[in-house]
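Results of the structural survey
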Amino acid sequence: MSEILPGCAPIGLEVMSEILPGCAPIGLESIRNQDSSPIIRLVGVETTLLGQKVLDGVTLDIPPRQITVIIGLSGAGKSVILRHMIGLTRPDRGQVLVDGVDINLLSRKGLYALRDRFGVMFQTGALFESMTVFDNVAFPLREKTKSGEGEIREKVTQVLALVGLPDTGGKYPDELSGGMVRRVALARAMVMDPEIIFFDEPTTGLDPIIRNSILKLLCDTWREFSFTMVMVSHDIPEIFNWCHNLVVVRAGKIAAAGPTASILASEDPFVQQLVTGDFAGPVSLL
Ligand SMILES: Nc1ncnc2c1ncn2[C@@H]1O[C@H](COP(=O)(O)OP(=O)(O)OP(=O)(O)O)[C@@H](O)[C@H]1O
Ligand SMILES: [Mg+2]
């Protein structure tokens, strides 16, 4: 790996995979789901927001039941791509297909029904400040299902234990650390047993131990439930240990997409600069 990632963090990825046993790319590679037809496809998506072309012909396939991570510089269009996949932003041109259905042709009801299959955690991991942790996590169950309180209690207790916060239900968000807030948001995203989970920077701004704990938690949860995960991340290089596929976004276009190892080995100078974090390369800030 250190050959693939010259100049990456001093700790090196070989050491990382010892620290993070069982979740190195090779570990995930060996349990890659073989079903190859994409669950989500973006085809020629072009979108202009406030006069700025933010997506410029994005064509992208997301394989089912694998972890796909979207990386790129700030402002490249990563969050906007996620918003298109969820149907929160509509393209001016092109299609967003989920299971072959163009989600922008769905009725409002159809789109809401589709979103019931999704779990979403946005960049801020925002929780309802006036609600306890328990009520935050229970919220989707109360809003979208007819589950009784007993059933809800059981499910919320189960997901809070899963994210390592078994005794936190009675607390309010402002009584939690940043890492705990992310884990609660993660629990809320997973409480409906979603088929597809979208995470926008679930670990940004957290200390490295919590960051890696959350990435490990995502990986462990994926191993258990095998959902499709699409995650935006700036956790370079450690994120490479945790995903099957990488998508590199550059200025509203897809610069590269494919299995993690093949993207890390890419000779594209921009991709190389991004994955190594090298200050010298096609992107120059100084
Ligand atoms: N609602 C909006 N209205 C107008 N412009 C927007 C809107 N949302 C995003 N943009 C613009 O689209 C571009 C891409 O934004 P996006 O949020 O996708 O970036 P990003 O790659 O997620 O960046 P970061 O890593 O900083 O989160 C930016 O130039 C941004 O200003
Ligand atoms: Mg973003």
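Our structure's up above, just so we're on the same page.
1. Observations regarding the packing of helix H5 (residues 133–144) against helix H7 (residues 178–190)
Interhelical geometry of H5 versus H7 gives an angle of 25° and a closest axis separation of 7 Å. Judged by the inter-axis angle, H5 sits roughly parallel to H7. Crossing geometry of H5 relative to H7 is assigned as right-handed. For the pair H5 and H7, contact is made by Val133, Asn136, Val137, Phe139 and Pro140 and by Val184, Ala187 and Arg188, respectively. Taken together, the residues of the contact of H5 with H7 break down into 6 nonpolar, 1 polar and 1 charged.

2. Some thoughts on the nonpolar core
One finds Val137, Ala187, Phe198 and Met229 to be the most contacted residues of the largest nonpolar core, which totals 67 residues. By residue number, the principal contributor to this core is H7, which donates 6 residues. Once residues within four sequence positions are removed from consideration, alanine 187 is found in contact with Val137, Val159, Leu160, Leu162 and Val163.

3. Brief notes about the site of ligand 1
As a matter of local geometry, ligand 1 sits amid Leu49, Leu50, Gln52, Val54, Gly72, Ser74, Gly75, Ala76, Gly77, Lys78, Ser79 and Val80. Counting residues per element, the shell around ligand 1 draws most heavily on helix H3 (residues 78–86), which supplies 3 residues. Across the shell around ligand 1, the residue classes break down as 5 nonpolar, 6 polar and 1 charged.

4. What about the packing of H5 against helix H6 (residues 149–162)?
At a minimum axis separation of 10 Å, H5 and H6 run at an interaxial angle of 125°. When the axes of H5 and H6 are compared, the pair comes out oblique. Every pair of crossing elements has a handedness; the one defined by H5 and H6 is right-handed. Residues Phe134, Val137, Ala138, Leu141 and Arg142 of H5 pack against Ile152, Lys155, Val156, Val159 and Leu160 of H6. Class assignment of the residues belonging to the contact of H5 with H6 gives a composition of 8 nonpolar, no polar and 2 charged.

Rules behind the numbers
- Residues numbered from 1 in each chain as written.
- Chains lettered and ligands numbered in written order.
- Predicted model: local features only at pLDDT ≥ 70, side-chain atom pairs only at ≥ 80, totals over all residues.
- Axes fitted to C-alpha atoms, helices over the stretch in contact; angles between N-to-C directions.
- Helix = DSSP H or I, 4+ residues; strand = E, 2+ residues; numbered from the N terminus.
- Parallel < 35°, antiparallel > 145°, perpendicular 65-115°, else oblique.
- Left-handed = near helix turned anticlockwise from the far one by under 90°.
- Contact = placed C-beta atoms within 7 Å.
- Nonpolar A, V, L, I, M, F, W, Y, C, P; charged D, E, K, R; others polar.
- Core = buried A, V, L, I, M, F, W, Y, C linked by C-beta atoms within 7 Å.
- Buried ≥ 20, exposed ≤ 12 C-beta atoms within 10 Å, placed from the backbone.
- Near = placed C-beta within 6 Å.

Don't take any of this as a statement about function, it's just geometry.
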